[in-house]
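One-letter residues, chain by chain:
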Amino acid sequence: MDRQIYLDNAATTKVSETVLEAMLPYFSEYYGNPSSIYRLGAKSKEAVTKSREILAETLGAKENEIYFTGGGSEADNWAIKAAAEAYASKGKHIITSKIEHHAVLHTCQYLEKKGYEVTYLDVDERGIVKLEELKKAIRPDTILISIMFANNEIGTIQPIPQIGRIAREHGILFHTDAVQAYGQIPIQVDDCCIDMLSASGHKLYGPKGVGFLYIRKGVKIRSFVHGGAQERKRRAGTENVPGIVGLGAAAQEAAATMEERAKRETALRDYLIERMQKEIPYTRLNGDASLRLPNNANFSFQFIEGESLLIMLDMEGICGSSGSACTSGSLDPSHVLLAIGLPHEIAHGSLRLTLGKDTTREELDYTVEKTKQIVERLRSMSPLYEDFVKKSGQNRE
């Protein structure tokens, strides 16, 4: 199969040509250590500073509030663990949601073993946190609220400004995992009352293995990696200069193209959703119909197994996902889909298709046609579907 249609941009994106060109000189020409005092090192330090400035500008933040990390998962770990440690004297209660990325959920579970208490908020059928439930969960010993900006599986965008204001009013730190949202939709940290924000380069046509954590000035977050004075003594280790340069270039490009890209991807996304729901019976769209990322479409097809669907789509040259890339090897149903109320048998039949800046309408037409054929084939082999059809026929008589 020579054809390849890539519809898994929530898992990762290809590095754009602009980003790659920006990175290349820092592998072999300007390879100095930013911590050194000679000119070659100064060139690298200058590039790191420039990227920091770009990232800060995209968020309406200050340059000294941006800290580079090895990716979004590290940024999530740093924000939650360091905040828990720094504010333990005030309390040991943390609030998050049941649909967070595992980088947040597993970190919270780790802290529970250390004596912290965590409240995992329910979400509604669209995957949105209920603000009244959040308010009820707040206690005198609550020190941190961590709610993702937009969900990585179903694309639902949370009411982050309202959540931020609630946290601020109660004197509680607010962290948001914005790995899926950053570069896709506008984010201003002051408008949203965000104290900490995690992001990753490879979700916005930048390189893998680099991300950042925004930490509002005044937040008492301690060092996460010890051993050196890098990142203002908060994260030791020689900086990944090419990666940082690539992250800055990707963020700059994403900011410049965001409005046009979002409009285009939203139109294509809605076209895909309409065709899937109209042409494949017993298909459900997961997540909010409009309060979702521009490029995200997540479906559940009754009476099939999602893993089989993915394998057969791959044989047709289509790259999709059953949910989070971090759990794609698991046979367990998505914790996100279970949290929005789907039964196991329907959650198992899920398909996440996430568009990119190069996705075409023709590619989506091809994807819909192949998905229709595969779903029909899988259902023809399903005893459950056969029983359902028989019962439906009897009910009509």
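The preceding data block contains the structure.
Please read these numbers as outputs of a predicted model, since none were measured by experiment.

Conventions used here
Residues numbered from 1 in each chain as written. Predicted model: local features only at pLDDT ≥ 70, side-chain atom pairs only at ≥ 80, totals over all residues. Heavy atoms only, no water. Helix = DSSP H or I, 4+ residues; strand = E, 2+ residues; numbered from the N terminus. Buried < 20%, exposed > 50% of the residue type's maximum accessible area, 1.4 Å probe, protein only. Contact = heavy atoms within 4.5 Å. Phe/Tyr/Trp six-rings, centres within 6.5 Å; stacked < 30°, edge-to-face > 60°. Lys NZ or Arg CZ within 6 Å of the ring centre and 35° of its normal. Salt bridge = Lys/Arg side-chain N within 4 Å of Asp/Glu carboxyl O. Pairing = 2+ DSSP bridges. Axes fitted to C-alpha atoms, helices over the stretch in contact; angles between N-to-C directions.

**Q** So what exactly am I meant to see when it comes to the environment of Asp-195 here?
**A** Along the chain, Asp-195 turns up in the loop between strand E6 (173-177) and strand E7 (196-200). A residue is classified by how much of its surface remains accessible, and Asp-195, at 6% relative accessible area, is buried. Along the sequence, Asp-195 and Leu-378 sit 183 residues apart, while their C-alpha atoms lie 47 Å from each other. Non-local contacts of Asp-195, meaning those with residues more than four positions away in its chain, are made with Arg-168, Ile-172, Leu-173, Phe-174, Tyr-214, Ile-215, Arg-216 and Val-219.

**Q** Help me understand the packing of aromatic side chains, please; the structure alone is not making it clear to me.
**A** Aromatic ring pairs: the centre-centre distance and the angle between the two ring planes describe each pair. Applying the stated rule across the entire model yields nine aromatic pairs. Summarising the aromatic geometry, the rings of Phe-303 and Tyr-385 are spaced 5.2 Å apart at their centres and angled 55 degrees between planes, so their arrangement reads as tilted. Of this pair, Phe-303 sits in the loop between strand E10 (296-301) and helix H10 (306-315) while Tyr-385 sits in helix H14 (residues 383-396), and the two are 82 residues apart along the sequence. One cation-aromatic arrangement involves Arg-3 over Tyr-366; the distance from NZ or CZ to the ring centre is 4.0 Å.

**Q** In this structure, what is going on with the pattern of salt bridges? I would like to understand it.
**A** According to the stated counting rule, one finds 24 salt bridges in the structure shown. The salt bridge involving Arg-126 is made with Asp-124; its shortest N-O contact spans 2.9 Å. When its relative accessible area of 32% is taken as the criterion, Arg-126 is described as partly exposed. In this structure, the salt-bridge partner of Arg-126 is Asp-288, at a minimum N-O distance of 3.1 Å. Taken together, the residues span a long stretch of sequence, with Arg-126 in the loop between strand E4 (117-121) and helix H6 (131-137) and Asp-288 in the loop between strand E9 (283-285) and E10 at a distance of 162 residues.

**Q** Help me understand the sheet that holds strand E12 (residues 350-354), please; the structure alone is not making it clear to me.
**A** Whether parallel or antiparallel, the strands of a sheet pair through hydrogen bonds between backbone atoms. The strand order E9-E10-E12 describes an open sheet built from three strands, whose pairing is antiparallel. Lying at the two open borders of the sheet, with one neighbouring strand each, are E9 and E12. Taken pair by pair, the neighbouring strands of this sheet meet at an average axis angle of 25 degrees, ignoring direction. Here E10 runs beside E12; their pairing, made up of five bridges, is antiparallel. The residue of E12 that forms the bridge with Ser-300 is Ser-350. Packed on one face of the sheet, helix H9 (residues 241-279) meets E9, E10 and E12 and runs near 10 degrees to E10.

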